[in-house]
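# Residue-level structure breakdown
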Amino acid sequence: MNIRCFQRNFSAAFPPLVPLQLPSPMETHLWYILPDEVKNSALLNQYSELLSPCERESVSRMRGDQLKKRALLARALVRTTIARYQTNCQMNPRSLRFRKNLYGKPEVEWRNEDNFNPPPLHFNISHTSAMIACGVTVNVPIGIDIEEKQRRTKNNIIAFAQRYFSPYEVKVLTAISDPEVQRQEFIKLWTLKEAYVKALGKGFSAVPFKTFTIRFRDTTMRNFHPPESSVSEESDIVVESSEDPTDPANNWRCALLEVAGSHYGAICMEKDRIAGENAPPKLTVWKTVPFVEDVCVSGTDAVLVLGGIIEQ
Amino acid sequence: MASFTLFNPTPLSTSFKHTQVPLIGISNVKSGSFASLTMYRRSSQFCISCAAKAETVDKVCEIVRKQLALSDESSVSGDSKFSALGADSLDTVEIVMGLEEEFGISVEEESAQSISTVQDAADLIQKLKEDNNGAAYLE
């Protein structure tokens, strides 16, 4: 018997997670928690029971209650999210195991057992003090990054960009005269670059930020439009590798969102050659408090597509 | 940290030889004098490189505090992990940039990726400065 199957007496306190089909190829599922909405200490204790001893210890090493809570919610989100996707049977979020790939990217460690086909599920998480998000895809790797819209840098933006971004990106940012718009475009660019590197999963040293460029491109005219002027829903986001400028890194699709009115979120996923390059990627977004409430927010004001061709 | 000043009132020099220290002057040594002197010599070298590192560690702590807007009460020390203090990747990159400016060094992505504690940062700074200066420490 597959011991990972859901047992009725797993925990009387937990209602079962609402089961879900895996995302289809070229579809992204995005789940997010707003920590400020999770105040019930009994619920937090229940989340804590889902964690491995190692994860609980990591949580305890965070400095201060807010960071501890954030770390706890991040692990609870990952575990409950993955456990929702039924394949052979409902998974117990507590029994999931994780490991890091060669470069440190977290992944699920599926145990090899007879009659169990691990789902081809990929995930990536990101968090800020006000939101924790988990993106899920099938077949292809995914990277996500979220950042508060109001995030300010300590360093001067152009100095920072000159140090870390590609020359083209520096040019784009420098051309923006309004400092507030410049700051916003910087944050957007940062999240996109982060999401790309996280999607690649080879660590930051393998793909230094300077070695690739993120461009917003109007697909109808194939001309570059500076971000502040015409980022319409039709604009595509392209990643170009400076290692080989003649062959843009067309393997990767990026999308930029505004989430919950408060955050920029970038999603980067590898194109699925089998599913068809031209199939527009789909996105479904849920706001969740695991075991309490899941609200599908795609197509509402909570999720605005700022760039990249993606359907909700 | 060994308090070598207890044993040697004269300033340490690079050509320190244990024969310069009269055995009689070392009254607090418990174990065999030879072993203690060896330990003393090593620990004095240790102290010199430690002192430089302590100052570096303090500066790194200061930069980290500022970046993460930590209160003066929150303790930041060598073994503090950036992530445990609440630093995300943007914070870490900003911290590295702050360290580059403060110490006049340039940090490669490979090295930056391996920094997870204050001590890691201080050690890297130490190494980069040594490489820059081409100077050897005490023999």
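Model, not experiment: these values are computed from the prediction.

### Observations regarding the overall build of chain B
Helices and strands together make up the secondary structure of chain B, namely 4 helices and 0 strands. Each helix (α) and strand (β) of chain B, taken in turn from the N terminus, gives the series α-α-α-α. With 139 residues in all, chain B has 37% of them scored as buried. Here the contacts in chain B between residues at least 6 apart in sequence split such that 58% fall between residues at least 24 apart. For chain B, the computed accessible surface area is about 8200 Å², with 54% contributed by carbon and sulfur atoms.

### Re the packing of aromatic side chains
All names here are of chain A. Tallying each qualifying case throughout the model produces 14 aromatic pairs over all chains. Taking 5.9 Å as the distance between ring centres and 75 degrees as the angle between the ring planes, the aromatic pair formed by Phe209 and Phe212 counts as edge-to-face. Across the pair, exposure class does not vary: Phe209 and Phe212 are buried alike. Here a set of aromatic residues connected by ring pairs shows up, and it is made of Phe160, Tyr164, Phe165, Phe186, Trp190, Tyr196, Phe204, Phe209, Phe212 and Trp252. Stacked on the ring of Tyr164, the Lys or Arg Arg163 has its end atom at 4.6 Å from the ring centre. One Lys or Arg, Lys193, reaches over the ring of Phe212 and ends 4.1 Å from the middle of that ring.

### Looking at the UniProt feature "domain: Carrier" (unreviewed entry) in chain B
Under the present numbering, the feature "domain: Carrier" (unreviewed entry) in UniProt falls on residues 54-129 of chain B. The annotated region residues 54-129 of chain B carries 62% helix and 0% strand content, and the separation between its end C-alpha atoms amounts to 15 Å.

### Some points on the sheet that holds strand S14 (residues 303-307) of chain A
Residue and element names in this part refer to chain A. Read across the open sheet, the 4 strands follow the order S6-S11-S10-S14; overall the sheet is antiparallel. In this open sheet, the two edge strands, each paired with only one partner strand, are strand S6 (142-148) and S14. Put simply, the sheet's adjacent strands are angled 25 degrees from each other on average, direction ignored. Bridge analysis of strand S10 (residues 252-259) against S14 gives 4 bridges, and the strand direction is antiparallel. Bridge pairing links Glu258 to Leu304 in S14. Together, S6, S10, strand S11 (263-270) and S14 form the strand contacts of helix H6 (residues 179-200), whose direction differs from that of S6 by roughly 155 degrees.

### Considering the nonpolar core
Counting 58 residues, the largest nonpolar core has Phe160 and Phe165 of chain A together with Val60 and Val64 of chain B as the members making the most contacts within it. Among the elements that make up this core, the one with the highest residue count is H6 of chain A (9 residues). Beyond its immediate chain neighbours, meaning those up to four positions away, Phe160 of chain A contacts Asn155, Phe165, Phe186 and Trp190 of chain A together with Leu90, Val93, Glu94 and Met97 of chain B.

### A closer look at the pattern of salt bridges
All names here are of chain A. This structure, assessed with the given rule, holds 19 salt bridges over all chains. In this structure, the salt-bridge partner of Glu240 is Arg215, at a minimum N-O distance of 2.9 Å. Taken as a pair, Glu240 in strand S9 (residues 235-241) and Arg215 in strand S7 (residues 212-218) lie far apart in primary sequence, 25 residues in all. Look at Glu240 and you get partly exposed, because its relative accessible area is 22%.

### Considerations on the pairing of S11 of chain A
Across a regular strand the side chains alternate sides, sitting on one face of the sheet and then on the other. Residue and element names in this part refer to chain A. Counting buried positions over the 8 residues of S11 gives 7, a clear majority of the element. Direction of pairing for S6 relative to S11: antiparallel, over a ladder of 7 bridges. Bridge pairing links Glu147 to Tyr264 in S11. Of the pairings in the sheet, the one linking S10 to S11 comprises 8 bridges and is antiparallel in character. In the sheet register, Val259 faces S11, and the bridge partner there is His263. With antiparallel pairing between neighbouring strands as the criterion, S10 and S11 make up a hairpin whose turn holds 3 residues, including Ala260 at a positive phi of roughly 55 degrees.

The rules we used
- Residues numbered from 1 in each chain as written.
- Chains lettered and ligands numbered in written order.
- Predicted model: local features only at pLDDT ≥ 70, side-chain atom pairs only at ≥ 80, totals over all residues.
- Heavy atoms only, no water.
- Helix = DSSP H or I, 4+ residues; strand = E, 2+ residues; numbered from the N terminus.
- Buried < 20%, exposed > 50% of the residue type's maximum accessible area, 1.4 Å probe, protein only.
- Contact = heavy atoms within 4.5 Å.
- Areas by Shrake-Rupley, 256 points an atom, 1.4 Å probe, with all protein chains shown as cover.
- Phe/Tyr/Trp six-rings, centres within 6.5 Å; stacked < 30°, edge-to-face > 60°.
- Lys NZ or Arg CZ within 6 Å of the ring centre and 35° of its normal.
- UniProt positions renumbered as here; feature names shortened; annotations may be inferred.
- Pairing = 2+ DSSP bridges.
- Axes fitted to C-alpha atoms, helices over the stretch in contact; angles between N-to-C directions.
- Core = buried A, V, L, I, M, F, W, Y, C linked by side-chain atoms within 4.5 Å.
- Salt bridge = Lys/Arg side-chain N within 4 Å of Asp/Glu carboxyl O.

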